[in-house]
Amino acid sequence: MKKIGNKFIEVCSVENIEKAGIKASMDKGDHLDVIFYKKNRKRLNEQLHQMLTDKEYSVKEEDYKIFTKQTASGKEREIHKLNFYPYRVVQHSVLRVMQERWMKSLTNDVYNCMPGHGINSNDLNHSFAHKLKRALQDRYSVYAFKGDIRKFYPSVDNKKYGHEYRHELKDKDLIQLLDQHNFSNKGLPIGSPDAQMASHLVLRKMDRFIKEELKARYYFRYADDILILSDSKEELHQWMWRIRNFMYYNMKLEMKGDRRVFPVSKGIDVCGFVFFPAYTMLRKRTKKAMILKRHKPKSMASYMGILQHCDSKNLIEKVINQDNRHMKISDFDIQIERPFDGELIKIDKLVDEEIDIVDFDVRQSVKNSGHLWVRMQIMYNGKRRFVKGGYDYIAQYLLKIQNLYMPVEEDDKKLTVKQMEEIKNKYLPLEKVIIRNNRGYYFEGTLKLN
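Computed from a predicted structure; not experimentally measured.

A.B. asks: Can you help me understand the overall build of the chain in this one?
C.D. replies: From N to C terminus, the chain includes 16 helices and 15 strands. Judged by the C-alpha coordinates and their principal axes, the chain covers about 90 × 55 × 40 Å. Of the contacts made within the chain by residues no fewer than 6 positions apart, 66% connect residues no fewer than 24 positions apart. Accessible area for the chain stands at about 25,700 Å²; split by element, carbon and sulfur atoms hold 47% of it. Computing the positive centroid from 83 side-chain charges and the negative centroid from 61, the chain places the two 1 Å apart.

Here it is as structure tokens:
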């Protein structure tokens, strides 16, 4: 990649500093230093512009406030935090100019702390959960290697990080500004807005090594957590040692001792979920935290958003019904549809093909009054797919099967989700089903034709 110059002028322009200040102050409106900055924004931005252009800006080790913070999982993190003005505004100023360039230098296997990327990003190409679920449907994905780096942020070699941005920049003034932040602290400071992007620059060589040298088909990295899928346990063990050696000799980093290779059928616990080939569950720790906060509608609305991305219908029912007298389902203003795995496939692709029906839902059609709507989880050509639509003949037949096994309740008491699942297990899966089409889709042998 060609080195670029003349970026320092963009970084220290008043317009860029103004936008960086707005970005840095988001969700921090109640902080005293942010309140002061907002009241004096124009004067302070011009003052910072002058400070940068006159080379009077500097960062020292004693400028960091150091304190310990406990995470939700009980781990203690040592936070190194700089004051909002001028330091964090400058960091955001650099990110505004350089972030897009740096993102282009990364592989497509990195998912944290970048615009459009995330665990459940709306952009499915950069959604960790979506791509992992897709990968687990491949028969190649039999075993997984999972590991992370020991004390990654404080262990980063500042010279190695400096080499990474020097590799792309020929602007000496910008390099000097980056050096001031880089060498003012040992390693990457947790709590700094540029630490996440710096971590990507440090680890991008490892990303390329895994994709280009090892040629891993399914590789995922979220911060310093590494996940690789393969059909060979021996291959993953070999890769694990090669990655460890690469980290140690090229980056002076070490992998934690809890690294392991295991079958994906045991579940992959990562990023708040436990991913299985056929379904996804919420991590036990997250589940416990949600239950403790079940009486707080605002907190629960957030958790309900998370639950949309996993198989959670039983959990939702338990949380809503368990002595939850202060809440109503209408308080959340959220509708959750139980997700089916796999890609959506059009029913015309399945005509005259043999499928297995693993699960289904039938309900009244919203658009066409008096008609039924059906959604089916199927196995087709060895892969999980789902199909949905207003197919009356299919819906009627599935509804009749379901009613055959439904118990007759004298008091018409509504069945729980668990009871419904037990009933479904009696007649599912429906194997070797063939769909036909004659003025409507139906199952072979289920429609009386004139």
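A.B. asks: What am I meant to see in the nonpolar core here?
C.D. replies: General note: in soluble globular proteins, nonpolar side chains tend to be found buried as a group. Membership of the largest hydrophobic core comes to 96 residues, with the highest contact counts inside it found for M206, I228, L229, I243 and I268. The greatest single-element share of this core, amounting to ten residues, is contributed by helix α5 (residues 84-104).

A.B. asks: Which parts of the structure should I look at to understand the packing of aromatic side chains?
C.D. replies: Using the criterion set out here, one finds 18 aromatic pairs in the structure. Seen in terms of ring centroids, F128 and Y222 are 6.2 Å apart; in terms of plane orientation they differ by 75 degrees. Their pairing is edge-to-face. Note that F128 is positioned in helix α6 (residues 128-136) and Y222 in strand β4 (residues 218-222), a separation of 94 residues in sequence. The class for F128 is buried, based on a relative accessible area of 1%. Judged by its relative accessible area of 23%, Y222 is partly exposed.

A.B. asks: I'm lost on the packing of helix α4 (residues 41-53) against α5 in this one. Help?
C.D. replies: The geometry of a pair of packed helices is captured by two quantities: the angle between their axes and the separation between those axes. At a closest axis distance of 11 Å, the pairing of α4 and α5 adopts a crossing angle of 70 degrees. By the angle between their axes, α4 is roughly perpendicular relative to α5. Taking contact as the criterion, the partners of L44, Q47, L48 and L52 in α4 are, on α5, Y85, P86, V89 and V90. When grouped by side-chain class, the residues that make up the contact of α4 with α5 number seven nonpolar, one polar and no charged.

A.B. asks: It is not clear to me how the pattern of salt bridges should be interpreted in this structure. Could you clarify?
C.D. replies: A side chain of one charge can pair with a side chain of the opposite charge if their charged atoms are brought near each other. Using the criterion set out here, one finds 23 salt bridges in the structure. For R204, the salt bridge goes to E168, with nearest N and O atoms at 2.6 Å. Of this pair, R204 sits in helix α10 (residues 195-213) while E168 sits in the loop between α8 (158-166) and α9 (172-182), placing them 36 residues apart in sequence. Residue E168 is classed as buried on the basis of its relative accessible area of 2%. D359 is paired through a salt bridge with K424; the nearest N and O atoms lie 2.9 Å apart. Separated by 65 residues along the polypeptide, D359 in strand β11 (residues 354-364) and K424 in helix α16 (residues 417-427) bring together distant segments of the chain. Each member of the pair, D359 as well as K424, carries the same accessibility label: buried. In this structure, a network of salt bridges that share partners links the residues R101, E164, E168, R204 and K205.

A.B. asks: Even after reading the chapter, I still don't get the sheet that holds β11, so can you show me in this structure?
C.D. replies: Note on sheets: strands pair through backbone hydrogen bonds, and any given pair is parallel or antiparallel. The strand order across the open sheet built from six strands is β10-β13-β12-β11-β14-β15, with neighbouring strands paired in mixed fashion. A single partner strand is all that each edge strand has here, and the edge strands are β10 (343-344) and β15 (441-443). Two strands pair when backbone bridges link them, and β11 and strand β12 (residues 372-380) are joined in this way by eight bridges, in the antiparallel orientation. When the sheet's bridge partners are listed, I357 is paired in β12 with I378. Lying on the sheet, helix α15 (residues 392-405) is in contact with β11, β12, β14 (430-437) and β15; it crosses β12 at an angle near 80 degrees.

A.B. asks: Hey, could you run me through the sheet that holds strand β9 (residues 280-282) in this one?
C.D. replies: Read across the sheet, three strands follow the order β7-β8-β9 without closing on themselves; strand pairing throughout is antiparallel. Each of the sheet's edge strands pairs with one partner strand only, and the pair in question is β7 (268-270) and β9. If you compare each strand with its neighbour and ignore which way they point, the axes differ by 25 degrees on average. Here β7 runs beside strand β8 (residues 273-275); their pairing, made up of three bridges, is antiparallel. Looking at the pairing, V270 lines up with F273 of β8. Packed on one face of the sheet, α6 meets β7, β8 and β9 and runs near 20 degrees to β8.

A.B. asks: Even after reading the chapter, I still don't get α10, so can you show me in this structure?
C.D. replies: Each α-helix winds once per 3.6 residues, and so residues spaced three or four apart point in a common direction. With 19 residues, α10 should reach 27 Å at 1.5 Å per residue; the first-to-last C-alpha distance of 27 Å fits that figure. Within two residues after α10, K215 carries a phi angle of roughly 60 degrees, on the positive side.

A.B. asks: How should unusual backbone geometry be read in this particular structure?
C.D. replies: Working note: non-glycine residues mostly have negative phi, and peptide bonds are mostly trans. Backbone torsion omega between Y85 and P86 reads 5 degrees, so that peptide bond is classified as cis. Its place among the elements puts P86 in helix α5. The residue after L428, namely P429, is reached through a cis peptide bond having omega 0 degrees. Structurally, P429 is set in the loop between α16 and β14. The phi angle at A223 is positive, at roughly 60 degrees, despite the residue not being glycine.

Parameters and conventions
- Residues numbered from 1 in each chain as written.
- Predicted model: local features only at pLDDT ≥ 70, side-chain atom pairs only at ≥ 80, totals over all residues.
- Heavy atoms only, no water.
- Helix = DSSP H or I, 4+ residues; strand = E, 2+ residues; numbered from the N terminus.
- Contact = heavy atoms within 4.5 Å.
- Areas by Shrake-Rupley, 256 points an atom, 1.4 Å probe, with all protein chains shown as cover.
- Lys, Arg positive; Asp, Glu negative; His and termini not counted.
- Charge placed at Lys NZ, Arg CZ, Asp CG, Glu CD.
- Core = buried A, V, L, I, M, F, W, Y, C linked by side-chain atoms within 4.5 Å.
- Buried < 20%, exposed > 50% of the residue type's maximum accessible area, 1.4 Å probe, protein only.
- Phe/Tyr/Trp six-rings, centres within 6.5 Å; stacked < 30°, edge-to-face > 60°.
- Axes fitted to C-alpha atoms, helices over the stretch in contact; angles between N-to-C directions.
- Parallel < 35°, antiparallel > 145°, perpendicular 65-115°, else oblique.
- Nonpolar A, V, L, I, M, F, W, Y, C, P; charged D, E, K, R; others polar.
- Salt bridge = Lys/Arg side-chain N within 4 Å of Asp/Glu carboxyl O.
- Pairing = 2+ DSSP bridges.
- Expected span 1.5 Å × (residues − 1).

None of the figures reported here should be taken as evidence of function without further support.
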